[in-house]
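# Overview (structure and organization)
Listed here are the chains, written in short residue letters.
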Amino acid sequence: MPHIDIELEKLQEKLLEMWDVVDYQLVSSREAVLNHDLELTRKVVKLGKKVNRFDVKIDRQCENFFALFNPVAVDLRQVLATLKINANLERIGDTAEGICRIVEKLKEPVSKELAEESRLLEMYDKALSMFTAARKVFVTYDAEAAREVLKQDKLLNKIYRKSDKVIASYMSENPEGVETGLHLYNIIKKIERVGDQVTNIAEEIIFYHDAKVMKHKSRKKKDKE
Amino acid sequence: MSKKEYKLEAKELNAYYGGFHALKGINIAMEEKTVTAFIGPSGCGKSTFLRTFNRMNDYIEGFRVEGEILLDSRDIYDKKVRVDELRKEVGMVFQKPNPFPKSIFENVVYGLKIQGIKKKSVLEEAAERTLRQAALWDEVKDKLQKSALALSGGQQQRLCIARALASQPSVLLMDEPASALDPISTAKVEELIYELKKEYTIVIVTHNMQQAGRVSDYTAFFYIGELVEYSKTKAMFTSPKDTRTQNYITGRFG
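Keep in mind that what you see is a predicted model, and the values were worked out from it rather than measured.

Time to look at the overall build of chain B. When its secondary structure is counted, chain B shows 10 helices and 10 strands. The C-alpha atoms of chain B give a radius of gyration of 18 Å, which matches the 18 Å a tight globule of 254 residues would have. Dimensions of chain B along its principal axes, counting C-alpha atoms only, are 55 × 45 × 45 Å. Counting all 254 residues of chain B, 51% fall into the buried class. Once local pairs closer than 6 in sequence are excluded, the contacts in chain B between residues at least 24 apart make up 66%. Entry remark: accessible area of chain B is about 12100 Å², with carbon and sulfur atoms responsible for 50%. Placing the 38 positive and 33 negative side-chain charges of chain B at their respective mean positions leaves the two points 2 Å apart.

Here it is as structure tokens:
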């Protein structure tokens, strides 16, 4: 295998290692919200440091790659995409950490009824499935599956837009649960952000493979491309 | 703590062409099985320095060195050192492919024959081994008796690398080995260097900065006979310490 491909493979491997740590953070944050598991929240927060180290390492690897190999065409797009995916993964890790910090402020687990009414779980599961699908298309590229990830973000936005009313009405009916309501609203907002970040990642994967710029395009245009 | 052993070292090396001071107080130490690239503008002394490692400059009238060049901690300019023995240990590949007007086979085993090796099986074994190492075997195995001059430029250069490897050196000096080749042949030679460093210590002079980036572990930047900066290639190409190095590698020199 040519030297340049060996280096590109190393870069991809490192990014996937980071991906798995962030995946664990995200899945664990869901468990922590549902079970009010404070041991798990500490674990997720601690892993943040590991993710930061990956972030720095991958940035450095990309910098070296640019300096030593002067990549062009698909190689260039791969390294550019890697830089941006790296930044988004780090943000998703931060978001999972942020959710865990909110859980630490909660006095008890979010009740099943409230979780259902606010569609928290549905949101979480959609965000997680988007995240897993993005990793899959990163490893084995499938143009259609990559575009499917972009479409899925719609549902997260929809739930988020409606959540303020649901939570406002919960708070007015349960004055003692105002704090819980606010925390829950923050969690929902963060999961909506995860959807955006995974969307960014999928856009970068499409850019890498198909040389198409998907970001800042309307939904209609994205569907067409 | 034991002192680190280096494959090649220069200590306070000064070289002169008559009254011209070509290399000024060079100190460098190269580890075994690494690739070191020498870069710098024309006339900076990089090729002169490369040629001190197998005493190729000895033939130039008025040339003299001061200081030490150590190969495996032995001074190669010591009077007891036999130059022919030294050159078995330190092979060299030049800018332009220079095969002899002989068959491919004869080219590869030329050095061995000069050393007095005549046994056919030994020569054949050496030819196959080195042609394989030079990633040329598959292309020439059916025409070993054909003239080496009938090969393409890229193949000729790999043949010269095979010829240099035949006497089983531990160091390979390469003076712009790809500058006369097309991009595909260049890529082949570069891949070859990457493979060969598993077994050999390689020093390469190159004008092509990208090539230095792609193939070398360490880079030394020379300017007007001085070694300005010597560090890991990654470090030099991302954050050079000296402004002159920075100006040179970014193409802003002069």
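This brings us to the packing of helix H6 (residues 153–166) of chain B against helix H7 (residues 183–196) of chain B. Residue and element names in this part refer to chain B. Here H6 crosses H7 at 20°, and the two axes come no closer than 9 Å. As far as their axial angle goes, H7 and H6 are roughly parallel. Here H6 runs over H7; the crossing is right-handed. Across the interface between the two elements, Gly154, Gln157, Arg158, Ile161 and Leu165 of H6 pack against Ser185, Lys188, Val189, Leu192 and Leu196 of H7. Class assignment for the residues of the contact of H6 with H7 results in five nonpolar, three polar and two charged.

Now for the sheet that holds strand S4 (residues 63–71) of chain B. Residue and element names in this part refer to chain B. The four strands lie next to each other as S2-S1-S4-S5, forming an open sheet whose pairing is antiparallel. The two strands at the open ends of the sheet, each matched to only one other strand, are strand S2 (20–30) and strand S5 (74–75). With two bridges joining them, S4 and S5 adopt antiparallel strand pairing. Paired with Leu71 across the bridge in S5 is Arg74.

Our focus in this paragraph is the pairing of S2 of chain B. Residues and elements named next belong to chain B. Two elements, strand S1 (residues 8–17) and S2, share seven bridges in a ladder whose sense is antiparallel. Bridge pairing links Ala15 to Leu23 in S2. Joining the antiparallel neighbours S1 and S2 is a turn of two residues, in which Gly18 adopts a positive phi near 60°.

Inspection of the secondary structure puts Lys50 of chain A in helix H2 (residues 38–69). C-alpha of Lys50 of chain A to C-alpha of Ser169 of chain A: the two residues are 119 residues apart in sequence and 40 Å apart in space.

This part covers the pattern of salt bridges. Considering all chains together, one arrives at 27 salt bridges over all chains under this definition. Note that Glu195 of chain B and Lys198 of chain B form a salt bridge whose closest N and O atoms lie 2.9 Å from each other. A residue is classified by how much of its surface remains accessible, and Lys198 of chain B, at 53% relative accessible area, is exposed. Between Asp242 of chain B and Arg244 of chain B there is a salt bridge, with the nearest N and O atoms lying 3.1 Å from each other. Judged by its relative accessible area of 31%, Arg244 of chain B is partly exposed. Among the charged side chains, a salt-bridge network with shared partners connects Arg30, Glu31 and Asp125 of chain A.

Looking now at the UniProt feature "domain: ABC transporter" (unreviewed entry) in chain B. In the numbering used here, UniProt assigns the "domain: ABC transporter" (unreviewed entry) feature to residues 8–249 of chain B. Taken end to end, residues 8–249 of chain B is 38% helix and 26% strand, and its two terminal C-alpha atoms sit 25 Å from one another.

Take the packing of helix H5 (residues 120–139) of chain A against helix H7 (residues 178–210) of chain A next. Residue and element names in this part refer to chain A. At their nearest, the axes of H5 and H7 sit 10 Å apart, and the two run at 20° to each other. When the interaxial angle is binned, H5 and H7 end up roughly parallel. The handedness of the crossing between H5 and H7 comes out as left-handed.

Moving on: the sheet that holds strand S8 (residues 201–205) of chain B. Residues and elements named next belong to chain B. Spatial strand order, S6-S7-S8-S3-S9-S10: six strands in an open sheet with mixed pairing. Looking at the sheet topology across the chains shown, the edges are occupied by strand S6 (90–93) and strand S10 (226–232). Within this sheet the neighbouring strands show an average axis-to-axis angle of 15°, counted without direction. Relative to S8, strand S3 (residues 35–39) runs parallel, the two being bridged by four bridges. When the sheet's bridge partners are listed, Val35 is paired in S8 with Ile202. Contacting S6 and strand S7 (171–175), H6 runs over the sheet at an angle of about 170° to S6. The strands touched by H7 are S3, S7 and S8; relative to S8, the strand with the most contacts, the crossing angle is about 150°.

Residue and element names in this part refer to chain B. By the element assignment, Ala148 lies in the loop between helix H5 (137–140) and H6. Spatially, the C-alpha atoms of Ala148 and Val108 are 9.8 Å apart, while their sequence positions differ by 40 residues. Leaving out residues up to four positions away in the same chain, Ala148 has contacts with Pro99, Phe100, Lys102, Ser103, Ile104, Asn107, Gln156 and Leu159.

A word on unusual backbone geometry. Even without a glycine there, the phi angle at Ala73 of chain A is positive, about 50°. The phi dihedral of Arg55 of chain B is positive, around 55°, even though this residue is not glycine. When you line up the elements, Arg55 of chain B lands in the loop between helix H1 (46–52) and S4. Under the relative-accessibility criterion, Arg55 of chain B is labelled buried at 13%.

Before going further, it helps to examine the interface of chain B and chain A. The interface of chain B with chain A comprises nine residues on the first partner and 10 residues on the second. Buried surface at the junction of chain B and chain A, both sides included, amounts to about 940 Å², of which 60% is carbon and sulfur. Taken as a group, Tyr194, Arg214 and Thr238 of chain B account for 49% of the area that chain B buries against chain A, more than any other trio of residues on that side. At the boundary of chain B with chain A, the tally comes to zero salt bridges. Going through the elements one at a time, H7, helix H8 (209–215) and helix H9 (233–238) of chain B are the ones with two or more residues in the side of chain B that touches chain A.

Conventions we followed
- Residues numbered from 1 in each chain as written.
- Chains lettered and ligands numbered in written order.
- Predicted model: local features only at pLDDT ≥ 70, side-chain atom pairs only at ≥ 80, totals over all residues.
- Heavy atoms only, no water.
- Helix = DSSP H or I, 4+ residues; strand = E, 2+ residues; numbered from the N terminus.
- Rg over C-alpha atoms; globule rule 2.2 N^0.38 Å.
- Buried < 20%, exposed > 50% of the residue type's maximum accessible area, 1.4 Å probe, protein only.
- Contact = heavy atoms within 4.5 Å.
- Areas by Shrake-Rupley, 256 points an atom, 1.4 Å probe, with all protein chains shown as cover.
- Lys, Arg positive; Asp, Glu negative; His and termini not counted.
- Charge placed at Lys NZ, Arg CZ, Asp CG, Glu CD.
- Axes fitted to C-alpha atoms, helices over the stretch in contact; angles between N-to-C directions.
- Parallel < 35°, antiparallel > 145°, perpendicular 65-115°, else oblique.
- Left-handed = near helix turned anticlockwise from the far one by under 90°.
- Nonpolar A, V, L, I, M, F, W, Y, C, P; charged D, E, K, R; others polar.
- Pairing = 2+ DSSP bridges.
- Salt bridge = Lys/Arg side-chain N within 4 Å of Asp/Glu carboxyl O.
- UniProt positions renumbered as here; feature names shortened; annotations may be inferred.
- Buried area = accessible area lost by both parts, 1.4 Å probe.

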